[in-house]
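Each chain is listed here by its residues.
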Amino acid sequence: MIIGPNSNWMRRVTRFLTLVIVAFSLTVGVVPRVGAAESGSDVVFDGSGWGHGVGMSQYGAYGMAKDGFTSDQIIAHYYKGATVTAIATSPIWVNLERDFQTLQLSVGSVGATPGAPVTITSAAGPLSALPGAVITITLTAPGCSVSLVNPGTPAVLITDPACAVDFHWYEWSTAGQTPTTKVGIVGCLLADWNMSPTIHRPCEYARGTLHLRTGPGGLDLSAEMLIDDYVSGTSEMPSAWTAAALEAQAIASRSYAVARQLERGPVASNSCDGWCHVKDTTADQRYVGWGHGNNTAWLAAVQATAGEVVHHPSAPNGAGVVTAYFSSSSGGNTENIHEMFGGVPRTYLSSVDDSVAVDGTVPNPKASWQTAVSSAVVAQAAGLDLLLGVKIIETRTGSGSAALLEFSGLSGGQLVTVEKTGFWTRTNFGLFSESFTVSYTPPVIESDEVFFYRSTDGVFAYYNSNPNGVLGSLVKSGSYSKGWDSITAVDLDGDTQDEAFFYRSADGVFKYYGLTSSGSLVGPLRSGTYSKGWDSITAVDVNGDGHDEQFFYRSTDGVFKYYGITPSGALVGPLSAGTYSKGWDSITAIDLNGDGRDEQFFYRSSDGVFKYYEMKSDGSLGTLLSSGTYSKGWDSITAADLDGDGKDEQFFYRSSDGIFKYYAMNPSGSLGSLLSSGTYSTGWDSITAIQLDN
């Protein structure tokens with residue numbers, strides 16, 4: 001099977017992600033808070049065919065042969081406008097091994113009668129290797145050494161500074177007859193696709209001459225032989241198939257090899273890169289040498305088509321010989337070569353009907369296939385943290401196969417789209433062809449809704465948030481009573497669905513409400529009065545259990561208190577109480593290191609002074625992590641996890657002009673890179689991320 005240029009591929013989440021979406025310029029400024037998102041289902045590719053799909057479909061040839069078509073008719077169908085022509089050819093070089101440091105060859109007889117000796121020629125003179133001999137080749141400086149051990153005799157060692165060593169035993173004048181000697185590469189096996197099921201055979205060669213040469217990475221071993229001897233050793237189609245299909249394969253294999261020989265030119269330095277015209281792998285076509293050299297049906301097909309190639313006058317090599325690509329089967333229509341491999345269109349390698357390969361005429365195991373790939377694997381390959389979507393955005397005109405796909409998802413907290421070719425998708429995920437559809441159920445992103453409140457008139461609105469940071473649909477809007485100084489999201493029962501806490505500092509009135517997924521208040525769960533004058537009331541998880549505690553702070557005298565809180569909203573404690581320094585405008589819980597336990601951030605807008613502290617489980621401050629000054633005048637500084645790693649980034653907002661900034665945060669509490677900045681609408685007193693649905 002010829003896989004095609006630079007495509008030797010045939011030789012060789014579920015996780016929870018915390019999301020906060022970076023907001024862009026909005027009518028209403030918004031920072032959605034963290035929500036959990038589970039990785040989506042597997043990405044499922046449903047396809048048909050196997051291989052690149054350019055040129056002849058092997059299962060299609062088999063189907064046509066079963067329907068009574070001749071090899072010439074099969075060739076004419078798959079290579080549009082081409083004919084079968086016999087031409088004179090010259091010997092071809094096939095690379096067997098390249099860039100090796102040491103290699104062993106064995107000499108054996110084909111039959112019971114001892115075979116002819118192998119003559120080794122080099123600058124050091126000739127040697128004769130008898131059946132049973134072992135030849136060891138080693139790279140030296142300079143050149144190479146060859147050690148010969150004939151049965152029952154001591155080793156003979158020669159060196160050749162140029163390493164131009166040849167191994168000759170086969171008289172080309174006897175082409176078509178059974179050789180008497182074979183040379184094997186010790187420890188090497190090759191897949192023989194002429195057999196069904198595939199078997200692995202020793203790498204043995206009975207026709208041609210072996211050449212040892214130096215290459216840029218070591219030593220190269222190639223075989224030189226007549227074209228028909230080469231085709232006899234190729235292994236690309238099960239020999240049990242119909243004779244016409246085997247003959248079409250022999251013609252295509254021969255034509256491909258001759259075209260490559262003409263295109264690549266002298267073997268010492270050409271695009272074959274290994275003293276060769278063709279390689280023995282699917283980078284060109286599978287050559288197994290003597291591995292199936294006595295396969296009667298295949299040899300009959302080679303002999304019946306001796307010297308015949310696919311010919312089209314527009315073939316660019318000057319001889320009209322077509323580079324006759326082939327593959328196992330297409331998805332029902334073969335590919336246009338320029339759409340699959342690039343370059344210019346070629347009439348004889350354009351899309352044709354291949355339905356006979358997949359309609360049940362022949363037992364094609366890849367007439368339909370399905371491959372499921374983990375969404376986490378797909379995301380990683382596409383450079384995404386979380387995969388949110390995948391779709392085919394461009395198909396090829398001839399076959400309808402996937403030319404270009406779009407992978408969308410989150411990367412570094414940003415929604416991005418990545419375009420990849422069908423070829424990239426096939427090779428990265430081990431798909432059989434590029435003739436496929438793709439389906440994927442993305443994860444349900446349990447992202448926060450966003451709550452806006454203005455104390456002067458009581459106006460509020462809840463919005464859904466989208467992964468691109470743009471506000472989604474309006475969940476609910478209206479007006480609450482005026483004058484609430486603090487409206488805070490707090491998870492009272494650890495179910496990840498927030499409750500809402502209202503507090504008015506002038507009279508100490510408070511209320512805890514449950515929230516429905518539609519944004520409606522339920523309750524109140526609890527109401528009453530706390531002491532007056534608290535400037536900051538913040539939900540904070542001091543012990544990492546997912547259940548919030550409540551922090552109170554009064555800037556006029558620095559008094560603070562930490563309380564536990566029950567699912568009904570009743571305070572427990574205090575856990576800790578005392579005084580901090582006066583005048584802090586913003587005290588915010590922030591998780592700097594992603595351990596689930598919050599650190600505490602202090603900020604004073606009048607002079608920009610800030611401090612980050614570790615928190616102890618009893619609510620007392622731990623180690624001072626970082627301190628210094630930020631710019632003055634920020635009204636709201638909020639923790640936000642933008643990239644889903646569990647570590648918060650920091651959001652700054654100024655109500656007078658709507659300016660905002662998002663920064664990455666270091667575990668030490670220092671600001672990292674500026675992630676996003678711009679302006680939101682002005683005048684909001686409370687902008688709170690709140691989880692309405694767990």
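Residues numbered from 1 in each chain as written. Predicted model: local features only at pLDDT ≥ 70, side-chain atom pairs only at ≥ 80, totals over all residues. Heavy atoms only, no water.

Asks: Even after reading the chapter, I still don't get the state of the cysteines, so can you show me in this structure?
Replies: Between two cysteines, a covalent bond joining their sulfur atoms is known as a disulfide. All chains considered together, the criterion is met by three disulfides. Note that Cys144 is cross-linked by a disulfide to Cys163, the S-S spacing being 2.1 Å. Taking the torsion about the S-S bond as the criterion, the Cys144 to Cys163 disulfide, at about 100 degrees, is right-handed. Of the two residues, Cys144 is situated in strand 11 (residues 144-149) and Cys163 in the loop between strand 12 (156-160) and strand 13 (165-168); the sequence distance between them amounts to 19 residues. The exposure class of Cys163 is buried, given its relative accessible area of 0%. Disulfide partner of Cys188: Cys203, at an S-S distance of 1.9 Å. Its S-S torsion of approximately -60 degrees makes the covalent link between Cys188 and Cys203 left-handed. Of this pair, Cys188 sits in strand 14 (residues 181-192) while Cys203 sits in strand 15 (residues 199-205); the two residues are 15 residues apart in sequence, bridging distant segments of the chain. Taken individually, Cys188 and Cys203 each receive the classification buried, so the pair is uniform in this respect. When the bonded cysteines of the chain are numbered from the N-terminus onward, they pair as 1-2, 3-4, 5-6. (Disulfide = S-S within 2.5 Å. Helix = DSSP H or I, 4+ residues; strand = E, 2+ residues; numbered from the N terminus. Buried < 20%, exposed > 50% of the residue type's maximum accessible area, 1.4 Å probe, protein only.)

Asks: How do you make sense of the sheet that holds strand 37 (residues 586-590) when you look at a structure like this?
Replies: The strands making up a sheet are joined through hydrogen bonds of the backbone, oriented either antiparallel or parallel. A sheet is described by the order of its strands in space; here four strands give the open sequence 37-38-39-40, paired in antiparallel fashion. Each edge of the open sheet carries a strand with a single partner, namely strand 37 and strand 40 (621-629). Averaged over all pairs of adjacent strands, the angle between their axes in this sheet comes to 20 degrees, without regard to strand direction. Relative to strand 38 (residues 599-603), strand 37 runs antiparallel, the two sharing five bridges. Opposite Ile590, over in strand 38, you have Glu599 as the bridge partner. (Pairing = 2+ DSSP bridges. Axes fitted to C-alpha atoms, helices over the stretch in contact; angles between N-to-C directions.)

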